[in-house]
Amino acid sequence: MEESRNHGKTARWMRRILLNRWFICGLSALLLYTLIGFFLAPYLTKRYLVRYATEDLQRRLTVEKVRFNPYLFRLEVSGLDFREKDGTPILAFEGLVTDFELSSLFRRAWTFSEILLSSPAVNIQIEKDGSLNLARLADDLTGDEKETVDQGPEKGDLPRLLFQQVGLNQGRIDIRDLSKEEPAGLEVKAIDILIEDINTLPGRKGPYAITAKTKDGETLSWEGEISLNPLHSQGALAVSGLRMATVWEFFRDRLRSRPPKGLVDIETDYRFDYTAGGPDLTLENIGFRFSDLDLALPGENVSLFDLGTLTGTGGRFDLLTRDAILEELSLSSGRVSVIVDEAGAMNWARLSASAPDENPGADPEGPGGSAVPWKISLKQVDLAEIA
């Protein structure tokens, strides 16, 4: 009997709670928030992005899926494909994840625990008129802000942002130069980037690591630390197995030669700062090694030069003091060909395909130029088996 009475009291108590208007309002608000967060927000986000690309940017955008978790503040975008109006690719990626932290309320900084971009592909294209597709896109994106900038922006501190981890997996960059007589192209793939604790808080630095390679096995390794406030970065940079033919692709209009042979490895430590006085870049411990170099004019059987190895060590470059120093330069197992024809022209002169200077007497610094001259120093040269 007592048990039945207690059960009735509990039922009446639960009924009062469930029928309480504050409880009903709170539950309705929670349900509405859930529906808006999980369903309406992704739909509106996808619709707005597509409409903005089509109407404002005059480009094409498709998005496979947008997800948002309103309780975790986690946004996921899948299958984005952004193209020019004619269908030329600009940007695509398989997935983007951003995870916003509610701890921002206590850190006094907008905090993201993770921003991850999966399999992005960027197409950089120089058109026949020399314009850059990304530069045109940037102009369209900032078109409405130019007048405000021209009137003079108000000075202020950077917003307080904290990114605990920023990552990019298996990225690809396609570079095409259509301004050349023969279009040049380069594909950089397998780009991986990991940056930790990058932020705009004063004096705080975060480590980063970037790796990339091309389809021909050329590799880039770049690691160090970075700070956004003030803008500062220092670390080490290395390029390995870079084919000279890859570089030549973008300069063939200026060099009348066959595709050169040879590989180059480069490594350096660096430090970069940007202050009110401008950029300051210092390179230390510069080293490079060119191997199996071969350069020849079209249709010629004899190479202009054929070098086994060209090595440089102990280099230093300082943009602020305008110093460039190389401790040692070594050449070995090489041959240089110099031929003068009956008209007195040297074979090396035929290498340049650039147009003559229209104003050879002009001052390169311009009128009244007062730039500090560069100081270049080469301390030691070693030659071995050079003919």
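Along each chain, the written sequence defines residue order, and numbers are assigned to residues from 1. Where totals are concerned, whole chains, interfaces and linings use all residues; where local detail is concerned, this predicted model gives features only for residues with pLDDT of at least 70, and gives and counts side-chain atom pairs only at 80 or more. Based on all heavy atoms of the structure, the side-chain values leave hydrogens and waters out of the count.

A.B. asks: Help me out: how do you make sense of the overall build of the protein in this one?
C.D. replies: Secondary structure elements are defined from DSSP: runs of H or I of at least 4 residues count as helices, runs of E of at least 2 residues count as strands, and each element is numbered from the N terminus. In terms of regular secondary structure, the protein is built from six helices and 16 strands. A simple rule labels every residue: compare its accessible area, found with a 1.4 Å probe on the protein chains alone, to the largest value its type can have, and call it buried under 20%, exposed over 50%, or partly exposed in between. With 387 residues in all, the protein has 27% of them scored as buried. Computed with a 1.4 Å probe, the accessible areas rest on the Shrake-Rupley method; for each residue, only the protein chains presented here act as cover. By element, 58% of the accessible surface of the protein is carried by carbon and sulfur atoms, the whole surface being about 25,200 Å².

A.B. asks: Would you mind going over the confidence of the model for the protein with me for this structure?
C.D. replies: Caution is warranted with low-pLDDT regions, since their predicted coordinates should not be read in detail. The predicted model of the protein has a mean per-residue pLDDT of 84, with 85% of residues at 70 or higher. Scored from 0 to 100, pLDDT reflects the predictor's confidence in each residue. By definition, residues are in contact when any of their heavy atoms lie within 4.5 Å. Scored below 50 in pLDDT, residues 148-155 makes one contact in the model with residues more than four places away or belonging to other chains. Scored below 50 in pLDDT, residues 355-369 makes one contact in the model with residues more than four places away or belonging to other chains.

A.B. asks: For this particular structure, what's the right way to read the environment of glycine 217?
C.D. replies: Structurally, the position occupied by glycine 217 is in the loop between strand S8 (206-214) and strand S9 (219-228). Spatially, the C-alpha atoms of glycine 217 and serine 240 are 8.7 Å apart, while their sequence positions differ by 23 residues.

A.B. asks: Just checking my understanding: could you explain the pattern of salt bridges for this structure?
C.D. replies: Any two side chains of opposite charge can pair, given that their charged atoms come close. Note on definitions: salt bridges are taken to be side-chain nitrogens of Lys or Arg within 4 Å of carboxyl oxygens of Asp or Glu. Counted under the stated rule, the structure contains 18 salt bridges. Notably, a salt bridge pairs arginine 59 with aspartate 140, separated by 2.7 Å at the nearest N-O pair. Taken together, the residues span a long stretch of sequence, with arginine 59 in the loop between helix H2 (21-56) and strand S1 (60-69) and aspartate 140 in helix H4 (residues 133-141) at a distance of 81 residues. Look at aspartate 140 and you get partly exposed, because its relative accessible area is 37%. Note that aspartate 216 is salt-bridged to arginine 243, the shortest N-O span being 3.4 Å. Within this pair, whereas aspartate 216 is found in the loop between S8 and S9, its partner arginine 243 is found in strand S10 (residues 231-243), the two being separated by 27 residues in sequence. Taking relative accessible area as the criterion, aspartate 216 reaches 43% and is therefore assigned partly exposed.

A.B. asks: Teacher, can you tell me more about the packing of aromatic side chains here?
C.D. replies: In this description, an aromatic ring pair is defined by two values, namely the gap between the centres and the angle between the planes. Centres within 6.5 Å are what make two rings of Phe, Tyr or Trp a pair, Trp counting through its six-membered ring; a difference in plane orientation under 30 degrees is then read as stacked, over 60 as edge-to-face, and the rest as tilted. Scanning all chains against the criterion turns up 12 aromatic pairs. Arranged with centres 5.3 Å apart and planes meeting at 65°, the rings of phenylalanine 100 and phenylalanine 112 form a pair that is edge-to-face. Here phenylalanine 112 lies in strand S4 (residues 110-118) and phenylalanine 100 lies in strand S3 (residues 89-100), a separation of 12 residues in the sequence. Between phenylalanine 112 and phenylalanine 163 the ring centres are 5.5 Å apart and the planes differ by 15°, which places this aromatic pair in the stacked class.

A.B. asks: Quick question: what am I supposed to make of the pairing of strand S12 (residues 278-295) here?
C.D. replies: Regular strands place their side chains on alternate faces of the sheet. A pair of strands is considered paired only if DSSP assigns at least 2 bridges between the two. With 13 bridges connecting them, strand S11 (residues 261-275) and S12 associate as antiparallel partners. Note on S12: the bridge partner recorded for threonine 275 is glycine 278. The pairing of S12 with strand S13 (residues 305-318) spans 10 bridges and is antiparallel. Each bridged residue has a counterpart across the sheet, and for threonine 282 the counterpart in S13 is aspartate 318.

A.B. asks: Help me understand the side chain of arginine 252, please; the structure alone is not making it clear to me.
C.D. replies: In this structure, arginine 252 sits in the loop between helix H6 (244-248) and S11. Within the structure, arginine 252 has its side chain in polar contact with the side chain of glutamate 182 (distance 2.6 Å). Look past the residues within four positions of arginine 252 in its chain and what remains in contact with it is Glu182 and Pro183. We call two N or O atoms a polar contact when they sit within 3.5 Å, provided that within protein one can donate a hydrogen and the other can accept it, with sequence-adjacent residues counted only if both atoms are side-chain atoms.

A.B. asks: I tried to follow a nonpolar patch on the surface on my own but got confused; where do I start?
C.D. replies: Residues Leu27, Leu30, Leu31, Tyr33, Leu35, Phe38, Phe39, Tyr71 and Leu72 make up a contiguous nonpolar surface patch of about 890 Å² in total accessible area. Relative to the assigned elements, phenylalanine 39 resides in helix H2. Patch membership needs two things, relative accessible area over 30% and no salt bridge, and members are linked within 9 Å if like-charged or within 5 Å if nonpolar (Val, Leu, Ile, Met, Phe, Trp, Tyr).

A.B. asks: Please clarify how the pairing of strand S2 (residues 74-83) should be interpreted in this entry.
C.D. replies: Note: S1 against S2, nine bridges, orientation antiparallel. Bridged to valine 63 within S2 is leucine 80. Between S1 and S2, which pair antiparallel and follow one another directly, the connecting turn spans four residues, one of which, phenylalanine 73, has a positive phi of 50°. Sheet topology places S2 next to S3; nine bridges connect them, and they run antiparallel. Paired with phenylalanine 82 across the strands is leucine 91, a residue of S3. What sits between S2 and S3 in their antiparallel hairpin is a turn of five residues, with glycine 87 showing a positive phi close to 95°.

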